[in-house]
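One letter stands for each residue in the lines below.
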Amino acid sequence: MSNMIEEPLVAGADHAATILTCVGVQKFFGHFEVLKGIDFRVQRGEVICIVGPSGSGKSTFLRTINGLESIDAGHIIVDGIGIPGTRKDIMEIRREVGMVFQSFNLFPHMKVRDNVALAPIRARGLSRADAYKRAEVLLAQVRLSDQADKYPARLSGGQQQRVAIARALAMEPKILLFDEPTSALDPEMVQEVLEVMKSLARSGITMLVVTHEMKFAREVADRIVFMVDGNIAFSGTPASFFDNPSEARLRSFLAKML
Amino acid sequence: MAFSFRVLLDSLPTLLFGAITTIQLVLLSLAISIVLGGVVCAGRVLGRGLVRSLSIAYVSLFRTLPETVLIFWLFYCIPLLFHSKPTAMQSAIVALAIPAGAYMAEIFRAGIDAIPSGQLEAAKALGLSPLSIVYDIIAPQALRTMAPPILGLVTILIKNSALVSVIGVEELFYHATVQASQNYRYFELLTAAALLYFAMILPLSIAVQWQERRLITRSH
């Protein structure tokens, strides 16, 4: 990883506040250009909602940040570690970046508390006792203490997603990525997951949320990023996004979503 | 000639002795087939180019070859190719293990394929090491789906082991036929052999059912 970054983020007070930098991130699926050179920067503690029509590259972009998707050009720096990088670098990034998936992806052969405690034991070297203590606290935080000894299949979708959030938090990540966390849920379960996410947002953790929940985005986000065709078409406050949509594409998107 | 339980009981010690050889034969060829299957499956899943092609060729070749042909071929042709002459037992173990390895490779591959890609993504996203991903996430889930087909394969191995009596391995079926040809008690001896094969296979299926339940309810 060369340090040939043109921007002044390498030094100074600005660097301390920046936790994620993406420069010219490009991604192809075959001949199709999914991400067309994305420049993006996130400050510590920012809560960002990434919205946009389906197929605009939101999820793909999110997945490049923890290396689940490789990138074809440009680079990403997460808290000082660069992508592209060695396998070790990427593993290190993944330990600092938590992810919550649309389809939960809990480990079905492990009880809820084991799901939460596994990564701290294996990837952080925590003792079993400490890891299970931490799991206990996190499950209480997502209000699932009473489900700790069940297998994921016995839980509702909303409960499973809250376990998945606890599992991601157990690594004490510096950034938390949410990839459409409520899209696979029955409508009556969406709220319980959003409530957990809201209290997380207030706790000061850096969050990047790909979502179609406009009400949530407006209420919780510090910044809205609007993606179209593999580009960031807008990046600004919720107020400027929702109240004075400047661009035609943005207006037509909001007209469909609201 | 009436069926005589007396004859059946008298033949049991010899047949049991043969059954022990059968079990040795099965266990050794099973162990080899697991190693072969693991290597071939890895070659197919992870390998590129020649390694991958060879792995695929191995599976398609040995799944189509009749076991009897392989048993005879190894026993009679290996001494012609090399200077050493393996014993009938050694030759039989390898002859049973080679095709079983091909089936085992496919069982491993199917077991790994059956794991949803989201499992791997979630494990990676947590920063787990490749070793931990295999040990904590893939293996426990794959084993659960692989247990029934592996049981099926062990059953087939036990049944195929009777074939190696043709090259003179003194296993269960060999003793049954040799004794019967001496006292003409085919009825009793072949029935006894059949019952012993059944007795070997039955506990296996019970064990696997128990194992499946244990895997499902097991806490990590």
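All names here are of chain A. With five bridges joining them, strand 9 (residues 223–228) and strand 10 (residues 231–236) adopt antiparallel strand pairing. If you follow Phe 226 over to strand 10, its bridge partner there is Phe 234. Taking the residues between adjacent antiparallel strands as the criterion, strand 9 and strand 10 are bridged by two residues, where Asp 229 takes a positive phi near 50°.

A separate point is the interface of chain A and chain B. Counting residues at the interface gives 26 residues for chain A and 24 residues for chain B. When chain A packs against chain B, close to 2,100 Å² is buried across both sides, 59% of that on carbon and sulfur atoms. It is Phe 107, His 109 and Arg 122 of chain A that lose the most area in chain A upon contact with chain B, and together they represent 28% of the buried surface on that side. At the level of secondary structure, the elements contributing two or more residues to the side of chain A that touches chain B comprise helix 3 (87–96), strand 6 (97–100), helix 4 (112–124) and helix 5 (128–141) of chain A. Among the elements that line the side of chain A that touches chain B, the one with the most residues is helix 4 of chain A, at five residues. Tallied by class, residues from the side of chain A that touches chain B come to 15 nonpolar, three polar and eight charged.

This part is about the packing of aromatic side chains. Each aromatic ring pair is described using two quantities: the centre-to-centre distance and the angle formed by the ring planes. For the structure on display, the rule yields ten aromatic pairs over all chains. When the ring of Phe 226 of chain A is compared with that of Phe 253 of chain A, the centres are 5.0 Å apart and the planes differ by 45°; the resulting orientation is tilted. In this pair, Phe 226 of chain A sits in strand 9 while Phe 253 of chain A sits in helix 10 (residues 248–257), placing the two residues 27 residues apart along the sequence. Just as Phe 226 of chain A is buried, Phe 253 of chain A falls in that class too. On the numbers, 5.1 Å between centres and 75° between planes, the contact of Phe 75 of chain B with Tyr 76 of chain B is edge-to-face. On the basis of relative accessibility, which here comes to 14%, the residue Phe 75 of chain B falls in the buried class. Classification of Tyr 76 of chain B as partly exposed rests on a relative accessible area of 46%. Here the guanidinium or amino end of Arg 167 of chain A rests over the ring plane of Phe 107 of chain A, the centre of that ring lying 4.6 Å away.

Turning next to the packing of helix 1 (residues 5–45) of chain B against helix 2 (residues 49–64) of chain B. All names here are of chain B. Where helix 1 meets helix 2, the closest approach of the two axes is 7 Å, and the angle between their N-to-C directions is 130°. Judged by the angle between their axes, helix 1 and helix 2 are oblique. For helix 1 against helix 2, the interelement crossing comes out left-handed. Contact residues: helix 1 offers Leu 36, Val 40, Gly 43 and Arg 44, while helix 2 offers Val 51, Arg 52, Ser 55, Ile 56, Tyr 58 and Val 59. For the contact of helix 1 with helix 2, a count of residues per class yields six nonpolar, two polar and two charged.

Attention now moves to the sheet that holds strand 9 of chain A. All names here are of chain A. Across the sheet, six strands lie side by side as 6-7-8-3-9-10; this open sheet has mixed pairing. Each end of this open sheet is capped by a strand with a single partner; those strands are strand 6 and strand 10. Averaged over all pairs of adjacent strands, the angle between their axes in this sheet comes to 20°, without regard to strand direction. Sheet topology note: the strand 7 (residues 175–179)/strand 8 (residues 206–210) ladder contains five bridges and is parallel. Looking across to strand 8, one finds that Leu 177 is bridged to Leu 208. Lying over the sheet, helix 6 (residues 157–169) contacts strand 6 and strand 7, oriented at roughly 170° with respect to strand 6. Against the sheet, helix 10 contacts strand 3 (47–51), strand 9 and strand 10, and its axis sits at roughly 100° relative to strand 9.

Conventions we followed
- Numbering of residues starts from 1 in each chain and follows the order in which that chain's sequence is written.
- Just so you know, chain letters begin at A and ligand numbers begin at 1, following the order they were written in.
- Since the coordinates come from a predicted model, pLDDT governs what is reported: local features require at least 70, and pairs of side-chain atoms require 80 or more to be given and counted, while whole-chain, interface and lining totals use all residues.
- Hydrogens and waters are ignored; side-chain quantities use all the structure's heavy atoms.
- Note on pairing: DSSP must find at least two bridges between two strands before they are called paired.
- We count a stretch as a helix when DSSP gives it H or I for four or more residues in a row; a strand needs E for two or more, and each element gets its number in order from the N terminus.
- Note on contacts: a residue pair is in contact if any heavy atoms of the two residues lie within 4.5 Å.
- Take the accessible area each of two parts loses on contact, using a 1.4 Å probe, and add the two losses: that sum is the buried area.
- Lys, Arg, Asp and Glu make up the charged group, whereas Ala, Val, Leu, Ile, Met, Phe, Trp, Tyr, Cys and Pro make up the nonpolar group; the residues left over, Gly among them, are polar.
- When the centres of two rings from Phe, Tyr and Trp lie within 6.5 Å, Trp using its six-membered ring, the rings pair. Their planes under 30 degrees apart give stacked, over 60 give edge-to-face, and anything left gives tilted.
- Working definition: with a 1.4 Å probe on protein chains only, accessible area under 20% of the residue-type maximum means buried, over 50% means exposed, and in between means partly exposed.
- Consider the ring centre and the ring normal. A charge sits over the ring if Lys NZ or Arg CZ is within 6 Å of that centre and within 35 degrees of that normal.
- Here an axis means a line fitted to C-alpha atoms, over the contact stretch when the element is a helix, while the angle between two N-to-C directions is reported on a 0 to 180 degree scale.
- Put simply, angles under 35 degrees are roughly parallel, angles over 145 are roughly antiparallel, angles from 65 to 115 are roughly perpendicular, and the rest are oblique.
- Throughout, a crossing is termed right-handed when the near helix is turned clockwise from the far one, and left-handed when it is turned anticlockwise from it by less than a right angle.

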